[in-house]
Amino acid sequence: MKFVNSYKEKMKKYNEEHKLKYYIDTMGCQMNENDSLKYAGIFESMGFEKGEEDNSNVYLFNTCCVRENAENTLFGRLGMLKNRKLNNEEVYIAIVGCMTQQEHILEKIKKSYRFVDVVLGTSCMSIFPEKLYYAIVDNKKKIEYIDVSNALEEEVPIAYNDKYKASVSIIYGCNNFCSYCIVPYVRGRERSRKPEDIIADVKKLADEGYKEIMLLGQNVNSYGNDFKEKYTFPMLLEELEKIDGIEIIRFMSPHPKDFKDDLIEVIKKSKKIARQIHLPLQSGNTEILKKMNRKYTKEQFIELALKLKEIPDVSLSTDIIVGFPNETEEQFLDTLDVVRKVEFDQIYMFIYSKRTGTVAAKLDDEITYEEKVDRLERLKKLYEETLPKLNEKMVGKVYKVLVEGKSKTNNDLYTGRSSQNKVVIFEADESFVGKVVNVKIDSQHLWYLKGTIIK
Ligand code: 5AD
Ligand code: SF4
């Protein structure tokens, strides 16, 4: 479905006089960040200016419900804006994204946050301009609308905030129903974008000077499963590889159960696919993995991870949840065991968060919160002990780095990320920004590497 903004001109006219500013508050994952860039594009096409947190008129909260803490953050921030509304300032509030697809959140907004102007679910960008226009110009208060339609919205204007790196969604939704996860309930079933639409987007980005793309999806290697004719994620990668100008291709997240040899072969052959693969483990214990509905065992995960690590210079990152309902100490030790055997370069660690509506939410859980925090700390400690060893292996070698600009912490130096997604700092000048250079690593400093550009 092509995105049409029939309110663009009307809203622009209004903004000529009122000059309204927008501010987007994004919670959650990279998919949400990508959606927020589209919302920014929509705002800008309607003549809004980008404002700051304290001086804007339209506040858009793009919400997440994967873990509990985001809810508290949202309601705290709404409370703060309420005062500005009460003072009759021209302030409008829109809430979009995953959280609004949950019944109890909607009820709470309706009951206690009646000053909110627009509430929309996921996949609702095409109706956003209209609802916003009504709220601002027609002042039809309290529009509450939920769309669970799984429409694929194409050609939404997108306001990237980086000149060299861009994210591109390739598949929306998820069919996996991992027992702890709310995503399949709020983002709907898998819908793959047509390859020609993705390729056109990436070609356009290359023409605009972008060097690196990140392909996004809840499960990128399900890409194409919903097409009638066979078209797979590895086939898409091969097509994108041919696009001149794009030098680094990343993707996240693949599901270990769907990581097949054809994908590994494409990665091995590719000169552009980053030498970094995100492979979410979640738990290292086979019984817990079964309860999580992950469809792989501890041994299968280790085998896959070690196979991927045979690709020269590959780094692995992962997601791990500690404290799944009634996870025993022994089961947790299996997670540590996998971490020890695989040696991840990056671990996103989470304490299990009960999500109403999921299968796991019905399970008994006797483990105390303190125990869960303790497990998280032990996982963190193991990771931080392993990391210097992995970094050390990179010292003396040369890696491709996209130069992003001046380092924020060390202003004399420039910074970028290697193909392995490691932060690297080095001497350079402005002429290097936006270029992919070869950097020889001189030393490792846990969270970053120091190096020298090789001419
Ligand atoms: N509790 C904790 N972490 C979760 N994740 C998803 N659902 C939950 C939950 N209920 C984590 C998973 C996933 C990442 C995006 O968020 O590790 O890979
Ligand atoms: Fe959630 Fe599992 Fe789908 Fe990832 S694959 S979004 S963890 S249900």
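Scoring rules and cut-offs
- Residues numbered from 1 in each chain as written.
- Chains lettered and ligands numbered in written order.
- Predicted model: local features only at pLDDT ≥ 70, side-chain atom pairs only at ≥ 80, totals over all residues.
- Heavy atoms only, no water.
- Near = heavy atom within 4 Å.
- Polar contact = N/O pair within 3.5 Å; in protein donor to acceptor, adjacent residues only side chain to side chain.
- Areas by Shrake-Rupley, 256 points an atom, 1.4 Å probe, with all protein chains shown as cover.
- Nonpolar A, V, L, I, M, F, W, Y, C, P; charged D, E, K, R; others polar.
- Salt bridge = Lys/Arg side-chain N within 4 Å of Asp/Glu carboxyl O.
- Helix = DSSP H or I, 4+ residues; strand = E, 2+ residues; numbered from the N terminus.
- Buried < 20%, exposed > 50% of the residue type's maximum accessible area, 1.4 Å probe, protein only.
- Pairing = 2+ DSSP bridges.
- Axes fitted to C-alpha atoms, helices over the stretch in contact; angles between N-to-C directions.
- Contact = heavy atoms within 4.5 Å.
- 1 Å grid on protein atoms, 1.4 Å probe; cavity = no way out; pocket = protein on both sides within 12 Å on 5 of 7 lines; lining within 4 Å.
- Points joined across faces, edges and corners; volume = space filled by probe spheres on them.
- Domains from an automatic or database assignment.
- Parallel < 35°, antiparallel > 145°, perpendicular 65-115°, else oblique.
- Left-handed = near helix turned anticlockwise from the far one by under 90°.
- Buried area = accessible area lost by both parts, 1.4 Å probe.
- Right-handed = clockwise from strand over helix to strand, strands pointing away.
- Phe/Tyr/Trp six-rings, centres within 6.5 Å; stacked < 30°, edge-to-face > 60°.
- Lys NZ or Arg CZ within 6 Å of the ring centre and 35° of its normal.

Novice: Before we go on, may I ask you to explain the site of ligand 1 in this structure?
Specialist: Every residue close to ligand 1 is listed here: V66, R67, Y180, Q282, D319, I321, F350, I351, Y352, S353 and R355. Here an oxygen atom of ligand 1 and a side-chain polar atom of D319 are 2.6 Å apart. Here a nitrogen atom of ligand 1 and a backbone polar atom of S353 are 2.7 Å apart. Bound to the protein, ligand 1 loses 86% of the 400 Å² it would expose on its own. Looking at the shell around ligand 1, its residues break down into six nonpolar, two polar and three charged.

Novice: What's the story with the pattern of salt bridges in this structure? I'm lost.
Specialist: Pairs can form between side chains of opposite charge once their charged atoms are near each other. Evaluated as defined, the whole model comprises 27 salt bridges. The salt bridge involving K268 is made with E265; its shortest N-O contact spans 3.7 Å. Highlighted residues: K268 and E265, both in helix α9 (residues 261-269), separated by three residues, approximately one helical turn. On the accessibility criterion, K268 (44% relative accessible area) is partly exposed. With a shortest N-O distance of 3.6 Å, D313 and K397 are connected by a salt bridge. Of this pair, D313 sits in the loop between α11 (298-309) and β13 (315-322) while K397 sits in the loop between α13 (369-392) and β15 (398-406), and the two are 84 residues apart along the sequence. Among the residues examined, D313 registers a relative accessible area of 36% and is labelled partly exposed. Beyond isolated ion pairs, a larger network of salt bridges with shared partners links K298, D334, D337 and K341.

Novice: Mind showing me how you'd approach the sheet that holds strand β14 (residues 346-351) here?
Specialist: Two orientations exist for strands paired in a sheet by backbone hydrogen bonds: parallel and antiparallel. Taking strand neighbours across the sheet as the criterion, the three strands line up as β12-β13-β14 in an open arrangement whose pairing is parallel. Looking at which strands have only one partner, the edges of the open sheet turn out to be β12 (276-278) and β14. Between one strand axis and the next, the sheet turns through 15 degrees on average, direction left out of account. When β12 meets β13, the two strands line up parallel, connected through three bridges. The residue bridging Q276 from the neighbouring strand is S315, located in β13. α13 rests against β13 and β14 of the sheet, and its axis sits at about 175 degrees to β14.

Novice: Help me out: how do you make sense of empty space enclosed by the protein in this one?
Specialist: Empty space among the atoms becomes visible once a probe the size of a water molecule is rolled across them. Going through the model one piece at a time under the given rule, you end up with one cavity of 30 Å³ or more. Volume-wise, the largest cavity comes out at about 190 Å³. At three residues, the largest contribution of residues to the lining of the largest cavity is made by helix α2 (residues 30-45). A class-by-class count of the residues in the lining of the largest cavity yields seven nonpolar, five polar and five charged. Two domains each donate at least three residues to the lining of the largest cavity, and these are domain 1 (6-143) and domain 2 (162-273).

Novice: Any chance you could explain the packing of α11 against helix α12 (residues 329-342) here in plain terms?
Specialist: When two helices pack together, their arrangement is given by the angle between the helix axes and the distance between those axes. Here α11 crosses α12 at 15 degrees, and the two axes come no closer than 10 Å. The orientation of α11 relative to α12 falls into the category roughly parallel. Relative to α12, the crossing made by α11 is right-handed. Between α11 and α12, the residues in contact are K298, F301, I302, A305, L306 and K309 and D334, D337, V338, K341 and V342, respectively.

Novice: I would appreciate a short explanation of the side chain of N32 in the present structure.
Specialist: By the element assignment, N32 lies in helix α2. Beyond its immediate stretch of four places on either side in the chain, N32 contacts T26, M27, N62, T63, C64 and R187.

Novice: In this structure, what is going on with the domain arrangement of the protein chain? I would like to understand it.
Specialist: Often the size quoted for an interface is simply the accessible area lost on bringing the parts together. Split into domains, the protein chain comes out as domain 1 (6-143), domain 2 (162-273), domain 3 (275-390) and domain 4 (398-454). Taking only C-alpha atoms into account, the centre of domain 2 sits 26 Å from that of domain 4. Tallying the contact residues gives eight residues for domain 2 and 10 residues for domain 4. On the domain 2 side of the interface with domain 4, the three residues burying the most area are Y164, I248 and R250, jointly 54% of the side's total. Counting every contact that joins domain 2 to domain 4 gives one salt bridge. With a shortest N-O distance of 3.1 Å, E404 and K165 are connected by a salt bridge. The interface formed by domain 2 and domain 4 contains five residue pairs in polar contact (both at pLDDT 80 or more).

Novice: Where do I start with the pairing of strand β1 (residues 21-26) in this structure?
Specialist: Walk down a regular strand and you will see the side chains alternate between the two sheet faces. For β1 and strand β2 (residues 49-50), the ladder comprises two bridges, and the chain directions are parallel. Looking across to β2, one finds that K21 is bridged to E49. Remark: the β1/α2/β2 crossover connection has right-handed handedness. Where β1 meets strand β3 (residues 58-63), five bridges bridge the pair, whose relative direction is parallel.

Novice: Even after reading the chapter, I still don't get the packing of aromatic side chains, so can you show me in this structure?
Specialist: The final tally for this structure, using the stated rule, is 18 aromatic pairs. With a centroid separation of 5.3 Å and an interplanar angle of 45 degrees, the aromatic rings of Y7 and Y133 are classed as tilted. Of this pair, Y7 sits in the segment before α1 (8-18) while Y133 sits in helix α5 (residues 128-138); the two residues are 126 residues apart in sequence, bridging distant segments of the chain. Centroid distance Y223 to Y231: 6.3 Å. Interplanar angle 80 degrees. Geometry classified as edge-to-face. Taken together, the aromatic side chains of Y22, Y39, F43, F48 and F128 make up a single cluster linked through ring pairs. If you follow K108 out to its NZ or CZ, it ends over the ring of F75, 4.3 Å from the centre.

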